[in-house]
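Each chain, letter by letter, is given below.
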Amino acid sequence: MKLMKKHESKILPHELSHPKSRSKSRRKIHWLVRLLVALVFASLSALSLLAYWSTFNIVTVTLPTRVYQARRQAAIDYQVVSVAPETAGESFAGEGQVYVSALAQSVRPVFHYTFAADSSQSVTISSQILATLRIWATKGQDQLLFEDSQILAAPEVMTLNAAEYQIERAADIPLQNFKSQFQAFASQTPLEVRGELVIGLVAKTEALLPSGLTTLIDQPSLVLPLTNDTFSITKNMDLRPEAVWRLLPYQVVLEIFHAAVFPAAAVIFLIGLVLWLRLTQRRRKDPFEKKLAWMKRQCRGRLMMISDKAWEPEWCITTQDFKTMVRTARKLKHPVFCHVDRQGPFPVAYFYVYYGENNYCLTFRPEGSSEAPVEDDFELPENRQLPSIPTLPEMPQTDEDQTGEHPPEQD
């Protein structure tokens, strides 16, 4: 027979079953946030001490600094010289057209290059026009098989002290030699290949800066395919602003504030660090509460917290293995009732599970309490003394009882 008094039980959520104290209502601070704030206080205190030390000593800090910045622009004009069979003369085709490979004889590019820096420096400028034949394998990923470069215009070198300069170079590049070189390579290899001719201006700028010599190299170019019967020329002029950075030493001089300000600031930051660590220190969890939280986690999905104890442990079968009790309740899909009594000198947790006509109870008390934990040494059921049953009060006799007639039984 189940002895749990359901009509007297009151089921409440865990948040409402126990009043929250002020210490528990305080929001917990994550350990990472606590560590970061502590590091900030410690760093500020260390910087204050370093600032105080720098007022009497020379402090040098090395920082990356932009010492030079240059903007470059390039423009390329070109013409393709072809043979006109009907007139037996030459024809000149402008930019952006489709050209016949068999008729094209040469290319005449004109390179326009502009260099502008943020400061005037002593610069050495050299420029030359370079033609490069490249042969690639077409199957799979493009693999460079052959590369040969030729200087088509003599290098020009000049030195000046300025922030801006311009270069204009022109050349006439015959295509027949490069076509013959490509055909000779293609006839000797079993691979399928493609060839291209890259005509570019190599502009080299050497700037003598206080931090050292800086070299900037740009190569605006034209690309001519040599494999197809017809071809078109593409330009490659991707020139972005470029900055030169150097590690330069800086001397720290603090003359704005009085020297006594920095020790005072260091002390204030140290006090803030101590207060922060003290106020955010986590309180050590009570062993009873820690073990009770573990027991509740074991009952996850089956646990039902109630606000009062609706059973008497004397009328229950005492269990000694909490895990077996929870495992059995899960198999039977029965709830595990729990009531935590915090009214006495020490808290006590009561667990209850029913199965058929039997009731199983387990009482968990903190270590060192006046009574030993239930799971350690409970009295056996046959040694328990049942509570005394109060005598039922006698009902007064009525007239019907005196006459010998009994009232009808009520349902």
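Note that the structure is a prediction, hence the values are computed from the model and not measured.

Thresholds applied
Residues numbered from 1 in each chain as written. Predicted model: local features only at pLDDT ≥ 70, side-chain atom pairs only at ≥ 80, totals over all residues. Heavy atoms only, no water. Helix = DSSP H or I, 4+ residues; strand = E, 2+ residues; numbered from the N terminus. Expected span 1.5 Å × (residues − 1). Buried < 20%, exposed > 50% of the residue type's maximum accessible area, 1.4 Å probe, protein only. Arc of directions from axis to C-beta. Contact = heavy atoms within 4.5 Å. Pairing = 2+ DSSP bridges. Disulfide = S-S within 2.5 Å.

> What should I look at first to understand unusual backbone geometry in this one?
Comment: phi is negative for the bulk of residues other than glycine, and the bulk of peptide bonds are trans. Even without being a glycine, lysine 333 presents a positive backbone phi close to 60 degrees. Of note, lysine 333 is situated in the loop between helix H7 (322-332) and strand E15 (336-341).

> Would you mind going over helix H5 (residues 261-279) with me for this structure?
Owing to its 3.6 residues per turn, the α-helix aligns residues three or four sequence positions apart on the same side. In this model H5 runs 27 Å from its N-terminal to its C-terminal C-alpha over 19 residues, within 8% of the 27 Å that 1.5 Å per residue would give. All buried positions along H5 are accounted for by Phe262, Ala266, Gly272 and Leu273. The arc enclosing the buried residues of H5, seen along the axis, measures out at 125 degrees, which places them on a common side. Structural note: H5 exposes Ile268, Val274, Arg278 and Leu279 on the side pointing more than 90 degrees away from its buried face. Close packing links the buried residues of H5 with helix H3 (31-54).

> So what exactly am I meant to see when it comes to the pairing of strand E16 (residues 348-355) here?
In the case of a regular strand, side chains alternate between the two sheet surfaces. Among the 8 residues in E16, 6 count as buried, and that is most of the element. Sheet topology note: the E15/E16 ladder contains 5 bridges and is antiparallel. Residue pairing in the sheet places cysteine 338 in a bridge with phenylalanine 351 of E16. Turn length for the E15-E16 hairpin, with the two strands adjacent in sequence and antiparallel, is 6 residues. Where E16 lies against strand E17 (residues 358-364), 7 bridges are found, and the strand directions are antiparallel. Bridging from a neighbouring strand, tyrosine 354 pairs with asparagine 359 of E17.

> How should the state of the cysteines be read in this particular structure?
Disulfides are covalent bonds that connect the sulfur atoms of two cysteines. Applying the stated rule across the entire model yields 1 disulfide. Cysteine 316 shares a disulfide with cysteine 361; S-S distance 2.2 Å. Taken together, the positions of cysteine 316 in the loop between strand E13 (303-305) and strand E14 (317-318) and cysteine 361 in strand E17 put the pair 45 residues apart, joining distant regions of the chain. Here cysteine 316 and cysteine 361 have matching classes, each one buried. Between cysteine 299, a cysteine without a disulfide, and cysteine 338, which holds the nearest cysteine sulfur, the sulfur-to-sulfur distance is 7.4 Å. Among the residues examined, cysteine 299 registers a relative accessible area of 0% and is labelled buried. Overall, the relative accessible area of 0% leaves cysteine 338 in the buried class.

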